[in-house]
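Below, each chain spelled out in residue letters.
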Amino acid sequence: MMYYLKKKGYIKTSQQKAILITTKGAEKVLKIKLQDKRRTPRRDGKWIMVMFDVPEKQRGQRDILREFLTFMGYQKLQQSVWICPHDVFQETEAIVKEYNLEKYIKIFLFDEIVL
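Quantities reported herein were computed from a predicted structural model and do not represent experimental measurements. (Residues numbered from 1 in each chain as written. Predicted model: local features only at pLDDT ≥ 70, side-chain atom pairs only at ≥ 80, totals over all residues. Heavy atoms only, no water.)

A. Focus on the overall build of the protein chain. When helices and strands are counted, the protein chain shows 4 helices and 6 strands. Shown N-terminal to C-terminal, the secondary structure of the protein chain runs as helices and strands in the order α-β-β-α-β-α-β-β-α-β. Counting across all 115 residues of the protein chain, residues that qualify as buried make up 29%. In the protein chain, the proportion of contacts linking residues at least 24 apart, taken out of those at least 6 apart, comes to 58%. Summing over all exposed atoms, the protein chain offers an accessible surface of approximately 8400 Å²; the carbon and sulfur share of this is 54%. If you average the places of the 23 positive and of the 14 negative side-chain charges in the protein chain, the two averages end up 9 Å apart. (Helix = DSSP H or I, 4+ residues; strand = E, 2+ residues; numbered from the N terminus. Buried < 20%, exposed > 50% of the residue type's maximum accessible area, 1.4 Å probe, protein only. Contact = heavy atoms within 4.5 Å. Areas by Shrake-Rupley, 256 points an atom, 1.4 Å probe, with all protein chains shown as cover. Lys, Arg positive; Asp, Glu negative; His and termini not counted. Charge placed at Lys NZ, Arg CZ, Asp CG, Glu CD.)

B. Representation of the environment of Lys24. Residue position: Lys24 is located in helix H2 (residues 23-37). The sequence separation of Lys24 and Gly9 amounts to 15 residues, and the corresponding C-alpha distance is 6.7 Å. Apart from residues lying up to four places away in sequence, Lys24 is in contact with Lys8, Gly9 and Tyr10. There is a polar contact of 2.8 Å between the side chain of Lys24 and the backbone oxygen of Lys8. (Polar contact = N/O pair within 3.5 Å; in protein donor to acceptor, adjacent residues only side chain to side chain.)

C. Structural view of the sheet that holds strand S5 (residues 81-84). With antiparallel pairing, the 4 strands of this open sheet are ordered in space as S4-S5-S3-S6. The sheet is open, and its two borders are formed by strand S4 (75-78) and strand S6 (105-110), each paired with just one other strand. With direction set aside, neighbouring strand axes in the sheet form an average angle of 25°. Helix H3 (residues 59-71) contacts strand S3 (47-52), S5 and S6 of the sheet and is inclined by roughly 165° relative to S3. Against the sheet, helix H4 (residues 89-98) engages S3 and S6, with an angle of about 170° to S6. (Pairing = 2+ DSSP bridges. Axes fitted to C-alpha atoms, helices over the stretch in contact; angles between N-to-C directions.)

D. Quick look at the pairing of S5. Residue alternation in S5 divides its side chains into two sets, Val81 and Ile83 and Trp82 and Cys84, and both sets are buried. With 4 bridges joining them, S3 and S5 adopt antiparallel strand pairing. Opposite Ile48, over in S5, you have Cys84 as the bridge partner. Pairing of S4 with S5 involves 3 bridges; the strand directions are antiparallel.

Set out below in structure tokens:
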């Protein structure tokens, strides 16, 4: 098992023979932790909507945001408008703050989409 984790780049060993988790390993742990959370519907029946306009010069952060939204079960309503019925509001806020995207993103809660 240790060999597999080391080979995949999830852990490494230090000179003092300590086992350290890598950034890749921490991301994997976070994804596993959030996997069950993303399938839990919101108790209030509301949907989360994320609207964003991240500048081209921050393309990497925008790509990370899109990957996160997809992983958490968001669906694309329009190019920069994503919606989700799952209980992932806090996780969404956390990723926005972690990557300092607050000024480019708006997060809404709503009851239904009316055409």
